[in-house]
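Here's the letter readout for the chains.
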Amino acid sequence: MDFHSVDNNSTRRIAALKQRVDEIKKHDFYFYNQAVEEMLPDSKVRVNGRVMGMYASYSYLGLVGHPRINEAAKRAVDKFGTGTNGVRTLAGTLTIHNELEETISNFKHTESAITYTSGYVTNLTTISSLMGRGDYVFSDKINHASIVDGCLMSGAEFRRFRHNDMEHLEGLLKNAPAEVSKLVIADSVFSMDGDIIDLPKIVELSKKYNAWLMIDEAHSVGVLGKTGTGIEEHFGMGDVIDIKMGTLSKTIPSVGGYVAGKKELIDFLRHGSRAYIFSAALPPAQAAAANEAFKVILDEPERLDRLNANTQQFIGGLKSMGFDTLLTETAIVPVLCGTDEKAFELTKRCQEQDVFVLPVVSPAVQEGLSRLRATVTAAHNPADIEHAMDVIYQAGKAMGMVK
Ligand SMILES: *Cc1c(COP(=O)(O)O)cnc(C)c1O
């Protein structure tokens, strides 16, 4: 089929996006999809032959490339090969899958856990299996796209509350019929802003209005809490979240997603969620890597100490230079720019000085709130962070963003 031979909504959408991308490329502002040639120590990478400081990675504890984790993955390949050639329900379940799920349920202090092949698919299938037409879901306005897509896919009534605004949430809960099933859902750490959901209040409201509570811990596993087990530990709250969702692709240097919770819930998902039943199981190497990584987090607590120190240095430094970092308290540090152009230009100036940061623009964030979305990890050393901040500062100064 010739893409351009017809003129309809789809071909117009394709043409409009192509035009936007072409325009960005024309101004030499296109930084997406750059290939990393090599991972180097101290959170550095080689890109286009140049060694750059990596400030856009989610490897919060610097676990990617960890010898113990690499070794576990290699052993799994030797034992099981490289694929599962089946879905979990049929021939695809390996002992390493069961071990991984047990490790996760121990780490999260729950009765049980289930894994899927991506965090994205975990949200889609979990939300749409639990909720349906006539039910109500209540979702924070800046929740991750996979949560939004799961809510839409479920066919439930979709209510969005203003970001971390518990009064607004309560108003929406109050207005829903008493007898329907309700699900309240939010990111633990918001993936674009780096701030933390008000867990005590959202737990209280979910209880009061008889709603399930689901929290997406993509950016809090290994990051929040004294030992890195996540948001409940951060608030000292014990087991208060009904559906604890997370990814295996951020702090955990693998791929996949999980849900941890009561045995009844996990058994239901194992027999009733379509991404488990109709999509092939996690490859052995990735399951083994994830399994080992959860153990390394607990065995090497100094990594979390370094992450916390680096985070304080990075946020404190950028703030004192005059940048607006919104309400972040975590390793995700937005550097607010405003327009798309400003975000692209700041990125370009930083990358020219070998600081690898990336811009986030609409529709991923609200128009007018375009930004650098910088991250810091346990693997950075303080002198490199100081240097990176100086590069960002000089660039921001040249653009008139800071004095
Ligand atoms: C990254 C992310 C996901 C998706 O996880 P993948 O494993 O990359 O598919 C889901 N939720 C949040 C909040 C995320 O940041």
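In this text, all values refer to a predicted model and were calculated from it rather than measured experimentally. (Residues numbered from 1 in each chain as written. Predicted model: local features only at pLDDT ≥ 70, side-chain atom pairs only at ≥ 80, totals over all residues. Heavy atoms only, no water.)

*Asks:* Looking at this structure, I do not really get the site of the ligand. What am I missing?
*Replies:* Around the ligand sit 15 residues in total, of which Gly119, Tyr120, Asp216, His219 and Lys250 are the nearest. For the ligand, an oxygen atom lies 2.6 Å from a polar atom in the side chain of His219. Residue Lys250 places a side-chain N or O atom 2.7 Å away from an oxygen atom belonging to the ligand. The protein chains hide 85% of the 380 Å² of surface that the ligand would expose on its own. Counting residues per element, the shell around the ligand draws most heavily on helix α5 (residues 119-130), at three residues. Per-class residue counts for the shell around the ligand are two nonpolar, ten polar and three charged. (Near = heavy atom within 4 Å. Polar contact = N/O pair within 3.5 Å; in protein donor to acceptor, adjacent residues only side chain to side chain. Areas by Shrake-Rupley, 256 points an atom, 1.4 Å probe, with all protein chains shown as cover. Helix = DSSP H or I, 4+ residues; strand = E, 2+ residues; numbered from the N terminus. Nonpolar A, V, L, I, M, F, W, Y, C, P; charged D, E, K, R; others polar.)

*Asks:* Explain helix α4 (residues 95-107) here, please?
*Replies:* In an α-helix, one turn spans 3.6 residues; hence positions three or four apart end up facing the same way. Its 13 residues give α4 an end-to-end C-alpha distance of 18 Å, which sits within 8% of 18 Å, the value for a rise of 1.5 Å per residue. Those residues of α4 that fall on the buried side of the exposure criterion are Ile96, His97, Leu100, Glu101, Thr103, Ile104, Ser105 and Phe107. Contact partners of the buried residues in α4: α2 (67-80), α3 (88-92), β4 (112-116), β10 (257-261), α10 (263-272) and α12 (284-299). Downstream of α4 by one or two residues, His109 has phi in the positive range, about 55 degrees. (Expected span 1.5 Å × (residues − 1). Buried < 20%, exposed > 50% of the residue type's maximum accessible area, 1.4 Å probe, protein only. Contact = heavy atoms within 4.5 Å.)

*Asks:* Would you take a moment to explain the nonpolar core for this structure?
*Replies:* What tends to happen in soluble globular proteins is that the nonpolar side chains get buried as a cluster. Formed by 90 residues in total, the largest nonpolar core has its most connected members in Ile202 and Phe314. Formed jointly, this core draws a minimum of three residues from each of two domains, domain 1 (26-55 + 301-398) and domain 2 (67-299). The residues touching Ile202, leaving out its near neighbours within four places in the chain, are Phe161, Met166, Leu169, Val184, Ala186, Ile197 and Leu213. Core analysis: the second largest hydrophobic core is formed by 20 residues, Tyr116, Met214, Ile243 and Val259 among them. (Core = buried A, V, L, I, M, F, W, Y, C linked by side-chain atoms within 4.5 Å. Domains from an automatic or database assignment.)

*Asks:* Explain the sheet that holds strand β13 (residues 359-360) to me, please; I cannot follow it from the model alone.
*Replies:* Note: strands within a sheet are paired through backbone hydrogen bonds, in either parallel or antiparallel orientation. Pairing is antiparallel in the open sheet, where three strands are placed in the order β11-β14-β13. Looking along the sheet, the strands with just one partner apiece sit at the ends: β11 (332-338) and β13. The pairing of β13 with strand β14 (residues 370-375) spans two bridges and is antiparallel. Each bridged residue has a counterpart across the sheet, and for Val360 the counterpart in β14 is Arg371. (Pairing = 2+ DSSP bridges.)

*Asks:* It is not clear to me how the side chain of Thr311 should be interpreted in this structure. Could you clarify?
*Replies:* Looking at the secondary structure, you find Thr311 in helix α13 (residues 302-320). Discounting residues that sit within four places of it in the chain, Thr311 has contacts with Glu329, Thr330, Ala331 and Val376.

*Asks:* Got a minute to help me understand the packing of aromatic side chains in this structure?
*Replies:* Given two aromatic rings, their pairing is described by the distance between the two centres and the angle made by the two planes. The full count for this structure, using the stated rule, is eight aromatic pairs. Summarising the aromatic geometry, the rings of Tyr58 and Tyr60 are spaced 6.5 Å apart at their centres and angled 50 degrees between planes, so their arrangement reads as tilted. The interplanar angle of 85 degrees and the centroid separation of 6.2 Å between the aromatic rings of Tyr116 and Tyr276 together place this pair among those described as edge-to-face. One end of the pair, Tyr116, is in strand β4; the other, Tyr276, is in helix α11 (residues 274-277), with 160 residues separating them in the sequence. According to the relative accessible area criterion, Tyr116 is buried, its value standing at 3%. The exposure class assigned to Tyr276 is buried, which follows from its relative accessible area of 5%. Connected via pairs of aromatic rings, a cluster forms that spans Phe107, Tyr258 and Phe294. A cation over an aromatic ring shows up here: Lys25 above the ring of Tyr30, its NZ or CZ 4.7 Å from the ring centre. (Phe/Tyr/Trp six-rings, centres within 6.5 Å; stacked < 30°, edge-to-face > 60°. Lys NZ or Arg CZ within 6 Å of the ring centre and 35° of its normal.)

*Asks:* I keep staring at helix α8 (residues 199-208) and nothing clicks. Help me out?
*Replies:* Considered for burial, the residues of α8 that qualify are Leu199, Ile202, Val203, Leu205 and Ser206. Buried positions in α8, seen along its axis, are confined to an arc of 165 degrees and lie on one side of it. Exposed residues on α8 whose side chains face more than 90 degrees from its buried face are Lys207 and Lys208. On its buried side, α8 packs onto β6 (157-161), α7 (166-175), β7 (182-187), β8 (212-216) and α9 (231-234). (Arc of directions from axis to C-beta.)

*Asks:* Any chance you could explain the pattern of salt bridges here in plain terms?
*Replies:* A pair can form between side chains of opposite charge whenever their charged atoms are brought close. The full count for this structure, using the stated rule, is 25 salt bridges. With a closest N to O distance of 3.0 Å, Arg20 and Asp340 form a salt bridge. Here Arg20, found in helix α1 (residues 9-26), pairs with Asp340, found in helix α14 (residues 340-352); they are 320 residues apart in sequence, far enough to count as distant. Judged by relative accessible area, which is 32%, Arg20 ranks as partly exposed. Overall, Asp340 belongs to the buried group, its relative accessible area being 16%. Salt bridges linked by common partners bring Glu232, Asp239, Lys244 and Lys262 together as one network. (Salt bridge = Lys/Arg side-chain N within 4 Å of Asp/Glu carboxyl O.)

*Asks:* Can you walk me through the environment of His219 in this structure?
*Replies:* Counting through the fold element by element, His219 comes out in the loop between β8 and α9. Accessibility expressed as a relative area gives 5% for His219, which makes it buried. Between the C-alpha atom of His219 and that of Gly194, which follows or precedes it by 25 residues, the distance is 8.5 Å. Residues contacting His219, with those up to four places away along its chain left out, are Tyr58, Tyr60, Val189, Ser191, Lys250, Ile332 and Arg373. Here Tyr60 takes part through its side chain, which lies 2.7 Å from a polar atom of the side chain of His219.

*Asks:* For this particular structure, what's the right way to read the packing of α7 against α8?
*Replies:* Two quantities define a packed helix pair, namely the angle between the axes and the distance from one axis to the other. Where α7 meets α8, the closest approach of the two axes is 11 Å, and the angle between their N-to-C directions is 10 degrees. Accordingly, the angle class assigned to the pair α7 and α8 is roughly parallel. Facing α7, whose interface residues are Met166, Leu169, Glu170 and Leu173, α8 presents Lys201, Ile202, Leu205 and Lys208. Among the residues making up the contact of α7 with α8, the classes are represented as five nonpolar, no polar and three charged. (Axes fitted to C-alpha atoms, helices over the stretch in contact; angles between N-to-C directions. Parallel < 35°, antiparallel > 145°, perpendicular 65-115°, else oblique.)

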